[in-house]
Each structure stands twice: as C-alpha cells, then as structure tokens.
Amino acid sequence: MHPMRKIISSSDFSYSECLQNWGILLSRNFKCEVMKVLSTFTTALLVAASASAQTEAETDSIDTSAFDRYLDEIVIVASQPGTAAKADRKIYSVNHDLMSRAASAGEIPNHIPSVEVDIDGNVSMRGDDNVTILINGKPSAMMAGKTRAEALAQLSAANIERIEVIDNPPAEYRAEGGGGIINIIMKSGTRQGFNGSVVANAGSAGRYNAGVSATYGIRCLNFHGGYTFRRDRYDRTIDDHRISPTDAIDQTTYGLGRPVSHTFRLGMTANITPDDMLSVSGNYNHRNFKRDEYVDSRTIAADGAVSDLYHRDRDADARENMWEGTLQYNHRYGDSNEISIGYIYSSESEDELNRYTTLRHDVESRNNETVWDANYIHDVTMRWQHALTDNIKLTAGYEFEHLRAEQNYHVSDWDGASFIPNAGESNDFTHIRMLNSLFVSTDMTFGQWRVNVGLRGECTDAKNQLKSLSESHRKHYFDLFPSARASRHIADEIELSAGYSRRINRPQGSDMNPFAERINPLSLEAGNPNLKPEKIDIADIGLRWTSGNSSLTGNLFYRHVSNGITEVSRYIDNGILLTTKENIQTSDNVGAEIVWNMRVARWLDLSLNGTGYYNSINASKLGFGRNRDMFSWSGLLNADFTPIKHGTIQLNARYHSATLVPQGKRNGDFQLNLGLKYDIPSLDLAIFASVTDLLDTYKLSYTLDTPALKQKVEKRRNPRIIYVGLSWNFGGGSKSQHHDVEYEEEM
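Reading the values: the criteria
Residues numbered from 1 in each chain as written. Predicted model: local features only at pLDDT ≥ 70, side-chain atom pairs only at ≥ 80, totals over all residues. Heavy atoms only, no water. Helix = DSSP H or I, 4+ residues; strand = E, 2+ residues; numbered from the N terminus. Buried < 20%, exposed > 50% of the residue type's maximum accessible area, 1.4 Å probe, protein only. Areas by Shrake-Rupley, 256 points an atom, 1.4 Å probe, with all protein chains shown as cover. Pairing = 2+ DSSP bridges. 1 Å grid on protein atoms, 1.4 Å probe; cavity = no way out; pocket = protein on both sides within 12 Å on 5 of 7 lines; lining within 4 Å. Points joined across faces, edges and corners; volume = space filled by probe spheres on them. Nonpolar A, V, L, I, M, F, W, Y, C, P; charged D, E, K, R; others polar. Phe/Tyr/Trp six-rings, centres within 6.5 Å; stacked < 30°, edge-to-face > 60°. Lys NZ or Arg CZ within 6 Å of the ring centre and 35° of its normal.

Engineer: Just to check I follow, could you spell out the overall build of the chain for this structure?
Structural biologist: Within the chain, the regular secondary structure consists of five helices and 40 strands. The proportion of buried residues among the 747 residues of the chain is 50%. Total accessible area computed for the chain in this model is approximately 33,600 Å², and 57% of it derives from carbon and sulfur atoms.

Engineer: How do you make sense of the pairing of strand 14 (residues 247-273) when you look at a structure like this?
Structural biologist: In regular strands, side chains alternate between the two faces of the sheet. Both strand 12 (residues 221-231) and strand 14 contribute to a ladder of eleven bridges, which runs antiparallel. Residue Phe223 lies in a different strand from strand 14, and its bridge partner there is Met268. As defined by bridge partners, strand 13 (residues 234-243) adjoins strand 14 across ten bridges and the pair is classed as antiparallel. Bridge pairing in strand 14 links Arg242 to Ile249. Inspection of the sheet shows strand 14 paired to strand 15 (residues 276-301) by 26 bridges, in the antiparallel sense. Directly across from Met268, in strand 15, lies its bridge partner Val280.

Engineer: Honestly, the layout of surface pockets in this entry has me stumped. Any pointers?
Structural biologist: A probe matching the size of a water molecule, rolled over the atoms, marks out where space remains unfilled. In this structure, the second largest pocket encloses a volume near 320 Å³. The wall of the second largest pocket is formed by 18 residues, among which Arg312, Thr358, Ser365, Asn367 and Arg518 lie closest to the centre. Of all elements in the fold, only strand 17 (337-360), strand 18 (363-387), strand 19 (392-414), strand 20 (419-446) and strand 24 (517-520) reach the threshold of two or more residues within the lining of the second largest pocket. Considering every element that reaches the lining of the second largest pocket, the biggest residue donor is strand 18, with six residues. By residue class, the composition of the lining of the second largest pocket is five nonpolar, five polar and eight charged.

Engineer: Help me out: how do you make sense of the packing of aromatic side chains in this one?
Structural biologist: Any two aromatic rings considered together are summarised by their centre-to-centre distance and by the angle between their planes. All chains considered together, the criterion is met by ten aromatic pairs. Arranged with centres 6.4 Å apart and planes meeting at 15°, the rings of Phe264 and Tyr284 form a pair that is stacked. Of this pair, Phe264 sits in strand 14 while Tyr284 sits in strand 15, and the two are 20 residues apart along the sequence. With relative accessibility at 41%, the residue Phe264 sits in the partly exposed group. Between Trp728 and Phe730 the ring centres are 5.3 Å apart and the planes differ by 40°, which places this aromatic pair in the tilted class. Classification of Phe730 by relative accessible area gives buried; the value is 15%. Members of the aromatic cluster, each reached through a chain of ring pairs, are Tyr227, Phe264, Tyr284 and Trp323. The side chain of Arg312 reaches across the aromatic face of Tyr356, ending 3.7 Å from its centre.

So this is what it looks like as structure tokens:
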C-alpha cells in the first residue's frame, strides 16, 4: 500500500458519515452557482463564501442513505508537499504549484530545487546543462537536441502530475546526461466512471489558453484523453557588445513571436487479467509560430569612425508537428515479479520560412531561408524484475533506440526579378544513431541497510552525412556505466545515503553539423564533426531527516567531467563571429545542497533550497587557461500562505549567482513569482491568478573576456506575465484499485 494512502471500507462508517467527516460538500443549485462564478472574479469570491457556509449547514440534513448501499470502498489520499526529497531523487508535485495552472512545462523547473531554466528555455542542474529529459521514464523526440526548449514551451503544465529530479541515476536509466535526469510524469486517470477537468486562463498581452481532460473507467478498461489550446507571446530584446583588437560592434535585436498550439492526447489501459496489463497512448501537437525580428548593428573602427552600419528585418513563419505513440505490456507473476515490453515512436519536425530584408550602406538586399529540422525515434524496451529472496531483487533489461535527425538549410537570394538558390549557403545534414543497451541491477536489504548495485553497457553506432559537401563520418564505441547506492536508517527519522554513477553526454546531430548557419551578417553558428562524447563521474553523500511536518535533506556532491563539450566564439574574417562546439580537457564540481521543507504554522508552509559549488575548468588546449575557477551558489524559496479558508497565496523567489564558462562567466539573475488561489469545494471549482517575474528582474547575460574577444550579451523577455483563470473538476468516480501502478519513491 502507498505510504500516503488510507483505505476506508463501508464497514467502518456510512456514506453520510463520510460527507460529514471529510467535508465532501454537495450543491443543490450547481448551474446557478457556475454562472455566478463565471460572471466576475469578485462576484465568485462572494458567492463562494456564501455557498460554502450554506452547503456545510445543509450537509447534515441531506438524505444520503440511498448512496450507502453502493459504497464499497473509498480511498483517501493525503495531500503531499510540493517537494519531497527521497534517497535518490526529488519529487515535485506540479498540482501544488499555483503558477503551473497557466504555465508551460518550460517554466516549472525554475520552481524545483537545483534546477534552472534560462530565457532561451535551456535546462540545467547544478550548473550543468547536459540534462536528460524523459517523458514517463522514456526518451522522446520532443526532448531531443535544440528543439527541446520549444517542446517544453508547448507542453501544458496542467497535464503534468509530477516531476522527478534524479541527480545520480542508477544503471536502470539510460546513461545519457551528465547533469542528471528530469523525468516528467504525465497525468493519467485510473478512476471508475466518468471524470475530468476543465481549465481556462486569460493572460496579459493577448495570451490565453484552455484545456479539457477526461477519463472513463469501466471495470477492467480505462480511457483517458484531452485537448489543450495555447496562445502565447514572446518578446525578446538582445543587446550584444563586442570588442576586438581592431573594432567594436554594438548590436540590438528585438523580436516578437505569437505561437499558437493545439495538443491532443488519447490513451487506454486494459487489465486483461489480474496479472496482465496492456496500455496504448498517443499524443499530437501542432504549433504555428509567427515571428518578427529587427536587428540594428553598428561597427566602430579603432580610429573612432563608423565602418559598418546595417538594419535587418526578419519575417518568420514556422509550423511544428510532434507525434508520439506508446505501446506497453506488463505481466506480473509471483509476489513481486514482473516482465514488461514496451515500444515508443516519437517524432518532431519544424518547417520554417524566414524572409530577410537587409539595408547595409544604403543598399537593400533580400533573401529567403527555408529550414527543415526533424527528429525521429524508435525505442524498444524489455525489462525483467524478479525477487530472488525476500531481501534480494534482481532487475535486468535491454533497450534499443534508433534516432534519425535531419537538418536542411536552403538560401535563395533576390536578383531583382526572382529568388535564385544560393548553393554555397545551403546544406542537407543527416545524423543517424543506433544505441543498444543491456543493464542489470540488484537491490538488496540487510537489516537497516539497503544497497543497489548496477552495471549498464551501451554500444553506439553513429553516422553523419553532409550531402552538400558529400561528406560522411562514422563512429562506433562501447562504454560501461557502473552505479551503486547504499542507504541506512540510523534512527526512525534519519537516513544516510551514498551513491556513485558514471554518465555520458553524446553530441547531438546539430552539434556535429560543420556547415555554418548565418544568424545575421556578423554572426555564424556551426557544429564540429570531431566532437567527442564527454564522460562524467558523479558521487554524492546525503542525509535525510524527517519529523512531523518538517524534513531536511543535505547532500555533498562531486562531479568530474572529461572531454567536456562547451560553446566557443571566435572572430574570423571581416569581423564575423563564429560560434561552435569544442571539447575541453576536464572540469570539476564539488559542492553541497540543502532542501528544507517545514510547516511554520497552520497558515504557512516553507520550502528552502540552497546550493553552492566550486567549479574548476581546464581549457588550456583551447587557449583559455589551464585552471579557471569560481564559486557559484543559488537559493530558492517557495512559500505557501493560507490566510483564509480555501484561499492560498504562493510566493516563489530564486537567485542564481555568476557561473563559470571557458571564455568568461554567465552573470547572476533573480526572479520573483506570485500566485493566488481560491477553492470552492461545493462546486469543485478553483479561481487562481499568477504573476511571473513580479519585479521585472529576470534576464540572461554573460561576459566573455579573452585577448581576442571581449563580449557582453544581455537577453531580456517580456516582463510581468499575468494570468487569471478557472479550473473545474467534474465526475466523482472511485479510484480503481485493480492493478494500480505506484511509483517508486526510493532508489
């Protein structure tokens, strides 16, 4: 039985007693109340206070005897805290986050200890951006490569149940991702009968979104599905200042984007027998993304004269499609043994047309760029779990992944009459990777000790094809990845743990495409076909203390990286800056992290997180020094205030200090968010509001300082994103107990 779950049968008390003891309120005038709530936010609050008091009084007089004979079993699930720290992971409840009611999945990680998302949507953990993002424990094309930020921005946080952060993953997980794993668990219903929810939000600057999700359970079958519509607005301002030995360049970029997305979800779970379960699910997301962008650039020579001046307009229209289908079969035998087989197909594609108009030295030019970017993944998993004894459990498995990544970039120039293809600035690139993996792990219990030891072997075959230059590169390598974790309760409230794992970060397809893509007339980006995968060794020691409504988790961690992959910018001809990827020799991180959850009072819950680490980089082979080091730290505060019954105020504040990069540093940033919620239990309705970046302080800036290049870049987004919304839960079917799958909270 789940530790947070209590089962209450009809023999304990009648249905009417359930209503009185657990506050399940019934409304006799549902439609009238809904219309009042939808009229205005203020009216809703007044109606709620009145309706709630009246309904509580009416509960005693309602005749519920007709329901008593239908009561078989009611499952009461205790409310869980927003963040739960376990021996090998942190579990974040998205439902607990008020900002998630209107946000996308790309914004939620900023509210999780040790995780950060920058303005561009890049996710990092403890300063490392080589993070693997899984969906329900499995890889997805949506989370592959440079499209990951866009995919997270399209994924509605309202459809997420929880997020698991695994800093030091065991051998059962794929070894990809030196920074760790973020596992996004989507909602799926297991209730009998018809149940669901409706959410609608209206935001500032023309933003709005709405969604509906529903489940239908009948005996051994359960169906679930949903639809989400989302319209966003992205304002971006970039100030770029560069100084070289010969000149100085000032560039300002302003961009406005209005993406519109539609997401559909459908799935089914069938309990074929008490020991056999089959599940099928599918997702489809379509997004239209229109963008306008303006760039002004001025180059000043060493003598102070303006040597170059240009203005560039960009009109972009992108269409993105994401598909995912999952088939999973589970068979249980014995007391706690299981065999499972799964297949996942996922794809992500973006078809973008960019129209550029450039005015340079009073001469206008026009060109069009078409960009095709796609990822296709086939993933097959076979897993076997068997209890050898009461204290020893063996888990083994095989995984096969086939990844195909396509990047096609074509340019045509206007000659006064038509657009002429420019073969010199066009390319077609394909990256194919096949990954075969075998793993075995043993979970053992010896008295107060719990030990997990595992070994994973991965064989990688990769092929890169640059068709425009008739180039082809192949790579084949095999790696072993050991892992170990031990934990022990030294008292009822105190647990000690220690772990080690080896990880890898393989270059993505775009990282190895040597073709230089022109970002603007003075900026190019290119991959590096000679990149090596980086290898990471991670070790940690942790302590977890729990007492009543408080918990404290502390970790000491160490991470060593060899052949680290980093971004490097260098000047080439005519003041053009080329940004590419390179391998550095080594980097080392050693630090500590504390997560403290506590109930200060009945009306106040706090979650505090502090992380500090010392980072050292050896990038001498790139010419940036042998030992560059820096101490960095971050702090996170989540506070829940309950000043009135059913009313919650949520405050989220985060600060991140400067962090080290081979050529300089990324500067610190601060963000403050605010959320409000009022529940109306009698209607299963909630009214909420949120403000992101309340103080308008959030930005991304970095400084590069080398003899050949001194650069400062600052990116800012639209300030103070405001949302107001409603959510309504309908249906009241009981939670299905048959073949209910619980998630593993320990290692």
